[in-house]
Amino acid sequence: MEMQTALPEVIVERHGAIGRLRLNRPRALNSLNLPMIRMIDAALTDFERDPAVAAVLVTGEGERGLCAGGDIRMIYESGRERPEEGAQFWREEFIVNSRISAYSKPYIAIMDGIVMGGGVGVSAHGSHRIVTERTRLAMPETGIGYFTDVGATWLLPRAPGEFGTYIGLTGRDIGAANAIHARLADSFVPTDRLGDLITALAASATAEDISAAIRSVSGEPPASPLHDEFSLIDRCFAFDKIEGILDALERDGSDFARETLQMLRTRSAISLKLTLSLLRAGRASATLNECLEREYAATIGMLSNPDFYEGVRAAVIDKDRNPKWSVGLAEVTPQVLAWFEKHDGAPLFG
């Protein structure tokens, strides 16, 4: 009997004029681990050097999504005893995020299904970002005692108004229309046209061909009910302190404001204050790499933050969805946040 060889966790292949990266951990919603990050990085090098490759395309295997994020279970299990493993994963992941942003060839991401955390990192920094009617995009980190990373502290402040602040703090998932509004995606392609798109991309020799191929199958995304809440979001999330945001939501009193307030009150206080601080710093930053350096410093602090382990326990390990956070908002002082602003590791970028 012939033995079948298991496919790698990232399937790297040439398909006509495109180099394809197919994230291949469908049972884990294509969550990224360190070997996958290294495979992506090596493939980007090979594709960049290959004159026959006009563009890179990243997709997720399975029916459920592009990528649900980084492998936080691994970091949870190794973090206390072998913190260097989590630090190395984040280090290499963030460097790849930067590389995607600056890539010399068109980088196309099909953001179908679930696209969260690290999945945003390997897609939203690309040059051509495609969403579908199944897209559920989120940066859900405040719900697991972590913070908005993978360069999202650069991306989210560049959304219109305070919509990026809302996405980062609440962790709420958004669909195609809102992903495009937030400038995290560019085009809407219905899922039943994705096959046509990939065929057209494979025959595309130039950047103009690629843009034309995407336009030929693009349409208007389904309308979002969040559209009616943009002015409230801009008004209530304009504050530079979490307490100001909570007070504004409480004063507003609408159903949406109450729902948002309730959501924020379930999040880690450390995560909320750290995320808001990093988002505001990102708004004032000149480059993505500045934000990634800041985020990397914060990840080192996270490896000794009890809220991170408690959040992952509640969401991923025990799945009771009932985290017991270590401190309240009043206890998260500037001195506590300062802990996340320094680390002893080498900088990501020289």
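Because the structure is a prediction, the values reported are computed rather than measured.

Draft legend 1. A look at unusual backbone geometry. Not every positive phi belongs to a glycine, and Asn 30 is a case in point at roughly 60°. With phi around 50°, Val 150 is a residue other than glycine that occupies positive phi space. Summarising the element assignment, Val 150 is placed in the loop between strand E8 (136–138) and helix H5 (152–155).

Draft legend 2. Just helix H9 (residues 207–217), in detail. Along H9, the residues classified as buried are Ile 210, Ala 213, Ile 214 and Val 217. In an axial view of H9, the angular spread of the buried residues amounts to 95°, which keeps them on one side of the axis. Turned more than 90 degrees away from the buried face of H9 sit Glu 208 and Arg 215, all of them exposed. The inward-facing, buried residues of H9 contact strand E3 (55–60), strand E5 (107–111), strand E7 (128–131), strand E9 (187–188) and helix H8 (194–202).

Draft legend 3. Representation of the environment of Phe 256 within the structure. Along the chain, Phe 256 falls in helix H12 (residues 255–265). Placed 30 residues apart in sequence, Phe 256 and Leu 226 show a C-alpha to C-alpha distance of 9.4 Å.

Draft legend 4. Structural context of the sheet that holds strand E6 (residues 114–116). Spatially, 3 strands are ordered E4-E6-E8 in an open sheet, and the strand pairing comes out parallel. Strands at the two margins of the open sheet, each flanked by one partner only, are strand E4 (65–67) and E8. The mean angle between the axes of side-by-side strands here comes to 15°, regardless of whether they run parallel or antiparallel. Pairing geometry for E6 and E8, over 3 bridges, is parallel. Within E8, the position partnered with Ile 114 by the bridge is Arg 136.

Draft legend 5. The arrangement of the pairing of strand E1 (residues 10–15) in detail. Note that E1 and strand E2 (residues 18–23) share 6 bridges and pair antiparallel. Bridge pairing in E2 links Arg 14 to Gly 19. Hairpin geometry of E1 and E2 is characterised by an intervening segment of 2 residues between the two adjacent antiparallel strands and by a positive phi of about 60° at Gly 16.

Draft legend 6. Here's a closer look at the UniProt feature "domain: Enoyl-CoA hydratase/isomerase" (unreviewed entry) in the protein chain. The sites that carry the UniProt feature "domain: Enoyl-CoA hydratase/isomerase" (unreviewed entry) are, in the present numbering, residues 19–337. The distance from the first to the last C-alpha atom of residues 19–337 is 42 Å, and the span holds 50% helix and 10% strand.

Draft legend 7. Looking closely at the pattern of salt bridges. Summed over all chains, the structure comprises 25 salt bridges. Here Arg 313 makes a salt bridge to Glu 310, at a shortest N to O gap of 2.9 Å. Taken together, the residues Arg 313 and Glu 310, both in helix H15 (residues 306–317) and 3 residues apart, mark about one turn of the helix. Across the pair, exposure class does not vary: Arg 313 and Glu 310 are buried alike.

Draft legend 8. Up close: the sheet that holds E9. The strand order across the open sheet formed by 6 strands is E1-E2-E3-E5-E7-E9, and the pairing between neighbours is mixed. Two strands close off the open sheet at either side, each with one partner strand: E1 and E9. Pairing of E5 with E7 involves 4 bridges; the strand directions are parallel. Bridging from a neighbouring strand, Ala 109 pairs with Arg 129 of E7. Sitting on the sheet, helix H1 (residues 34–49) touches E1, E2, E3 and E5, and the angle it makes with E2 is about 175°.

Draft legend 9. Region of the structure containing helix H3 (residues 83–101). End to end, H3 covers 28 Å across 19 residues, agreeing with the expected 27 Å (1.5 Å per residue, within 8%). Every buried residue belonging to H3 is among Gly 86, Ala 87, Phe 89, Trp 90, Arg 91, Glu 92, Glu 93, Phe 94, Val 96, Asn 97, Ser 98 and Ile 100, and all of these are buried. Of the surrounding secondary structure, the elements contacted by the buried residues of H3 are H1, helix H2 (72–78), E5, helix H4 (118–121), helix H14 (288–302) and H15.

Draft legend 10. Broad picture of the packing of helix H11 (residues 242–252) against helix H13 (residues 269–283). The N-to-C vectors of H11 and H13 enclose an angle of 105°; their axes lie 10 Å apart at closest approach. Considered as vectors, H11 and H13 are oriented roughly perpendicular to each other. Every residue of H13 that contacts H11 at Ile 242, Glu 243 and Ile 245 is listed here: Leu 272, Lys 273 and Leu 276. Its residues assigned to classes, the contact of H11 with H13 shows 4 nonpolar, no polar and 2 charged.

Draft legend 11. How the structure looks around the packing of aromatic side chains. According to the stated counting rule, one finds 11 aromatic pairs in the structure shown. Their ring planes at 50° and their centres at 6.1 Å tell us that Tyr 76 and Tyr 309 sit as a pair that is tilted. Of this pair, Tyr 76 sits in helix H2 while Tyr 309 sits in helix H15, and the two are 233 residues apart along the sequence. Between Tyr 166 and Phe 237 the ring centres are 5.5 Å apart and the planes differ by 85°, which places this aromatic pair in the edge-to-face class. Taken together, the residues span a long stretch of sequence, with Tyr 166 in helix H6 (residues 163–170) and Phe 237 in the loop between helix H10 (230–236) and H11 at a distance of 71 residues. Classification of Tyr 166 by relative accessible area gives buried; the value is 0%. Ring pairs connect the aromatic residues Tyr 76, Trp 90, Tyr 146, Phe 147, Phe 308 and Tyr 309, which therefore count as one cluster. One Lys or Arg, Arg 80, reaches over the ring of Tyr 309 and ends 4.0 Å from the middle of that ring. A cation over a ring is seen here: Arg 158 above Trp 154, with NZ or CZ 3.5 Å from the ring centre.

Procedures and definitions
Residues numbered from 1 in each chain as written. Predicted model: local features only at pLDDT ≥ 70, side-chain atom pairs only at ≥ 80, totals over all residues. Heavy atoms only, no water. Helix = DSSP H or I, 4+ residues; strand = E, 2+ residues; numbered from the N terminus. Buried < 20%, exposed > 50% of the residue type's maximum accessible area, 1.4 Å probe, protein only. Arc of directions from axis to C-beta. Contact = heavy atoms within 4.5 Å. Pairing = 2+ DSSP bridges. Axes fitted to C-alpha atoms, helices over the stretch in contact; angles between N-to-C directions. UniProt positions renumbered as here; feature names shortened; annotations may be inferred. Salt bridge = Lys/Arg side-chain N within 4 Å of Asp/Glu carboxyl O. Expected span 1.5 Å × (residues − 1). Parallel < 35°, antiparallel > 145°, perpendicular 65-115°, else oblique. Nonpolar A, V, L, I, M, F, W, Y, C, P; charged D, E, K, R; others polar. Phe/Tyr/Trp six-rings, centres within 6.5 Å; stacked < 30°, edge-to-face > 60°. Lys NZ or Arg CZ within 6 Å of the ring centre and 35° of its normal.

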